[in-house]
Amino acid sequence: QVQLVESGGGLVQPGGSLRLSCAASGNISSINVMGWYRQAPGKQRESLAAITSGGITNYEDSVKGRFTIARDSAKNTVFLQMNSLKPGDTAVYYCKAHVLEYGSVLYRDYWGQGTQVTVSS
């Protein structure tokens, strides 16, 4: 089994910054893609950013230039630096990892439990 644990959420004023972390642990042989998603009340979960094992990144248009994804592959950890936060960024933020477990030949997606980010004055 694999566990993902997010941290770093909280309450921040508009224009402020937060840094989210997500650490994966357990029966991990390798992780190729790690990503961040969010879900606001009454809305579908949306993809924000992803990073491959080779460091290639992509971003959803609404966060491009404000959010930065990074990864420490040695620690199976992914980060999301969020700057210039807006009230519309308020949501539960989730990380996802595409994991190959020892003893398996197929990659499988694992999700974290989510961390609340609230942007409000």
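Above: the structure in question.
The structure presented is a predicted model; accordingly, all values stated were derived computationally and were not measured.

Draft legend 1. Up close: the state of the cysteines. One pass over the structure, following the stated rule, counts 1 disulfide. Between the sulfur atoms of Cys 22 and its disulfide partner Cys 95 the distance amounts to 1.9 Å. A torsion of 50° about the S-S bond marks the disulfide between Cys 22 and Cys 95 as right-handed. Linking Cys 22 in strand S3 (residues 18-26) with Cys 95 in strand S9 (residues 91-100), this pair joins segments that are 73 residues apart in sequence. For Cys 22, a relative accessible area of 0% corresponds to the buried category. Under the relative-accessibility criterion, Cys 95 is labelled buried at 0%.

Draft legend 2. Structural detail: the packing of aromatic side chains. Scanning the entire structure with this criterion turns up 2 aromatic pairs. Judged by centre distance (6.5 Å) and plane angle (85°), the ring pair of Tyr 94 and Trp 111 falls under edge-to-face. With Tyr 94 in strand S9 and Trp 111 in strand S10 (residues 107-111), this pair connects stretches of sequence that are 17 residues apart. Through pairs of rings, three or more aromatic residues link up here, namely Tyr 37, Tyr 94 and Trp 111. Taking the ring centre of Tyr 94 as reference, the NZ or CZ of Arg 45 above it sits at 3.7 Å. The side chain of Arg 45 reaches across the aromatic face of Trp 111, ending 4.6 Å from its centre.

Draft legend 3. Molecular detail of the pairing of strand S8 (residues 77-82). Within S8, 5 of the 6 residues are buried, leaving the element largely enclosed by the surrounding structure. Pairing of strand S7 (residues 67-72) with S8, which is carried by 6 bridges, proceeds in the antiparallel orientation. Each bridged residue has a counterpart across the sheet, and for Arg 71 the counterpart in S8 is Val 78. Once S7 ends, the chain turns through 4 residues before running back antiparallel as S8, passing Asn 76 with a positive phi of about 50°.

Draft legend 4. Spatial organisation of the nonpolar core. With 30 residues, the main nonpolar core has Leu 4, Trp 36, Phe 67, Val 78, Leu 80, Met 82 and Tyr 93 as its most contacted residues. Elements that contribute at least two residues to this core include exactly strand S1 (2-7), S3, strand S4 (30-39), strand S5 (46-51), S7, S8, S9 and strand S11 (115-119). Non-local contacts of Leu 4, meaning those with residues more than four positions away in its chain, are made with Cys 22, Ala 23, Ala 24, Cys 95, Lys 96, Ala 97, Tyr 110, Trp 111, Gly 112 and Gln 113.

The rules behind these values
- Residues numbered from 1 in each chain as written.
- Predicted model: local features only at pLDDT ≥ 70, side-chain atom pairs only at ≥ 80, totals over all residues.
- Heavy atoms only, no water.
- Disulfide = S-S within 2.5 Å.
- Helix = DSSP H or I, 4+ residues; strand = E, 2+ residues; numbered from the N terminus.
- Buried < 20%, exposed > 50% of the residue type's maximum accessible area, 1.4 Å probe, protein only.
- Phe/Tyr/Trp six-rings, centres within 6.5 Å; stacked < 30°, edge-to-face > 60°.
- Lys NZ or Arg CZ within 6 Å of the ring centre and 35° of its normal.
- Pairing = 2+ DSSP bridges.
- Core = buried A, V, L, I, M, F, W, Y, C linked by side-chain atoms within 4.5 Å.
- Contact = heavy atoms within 4.5 Å.

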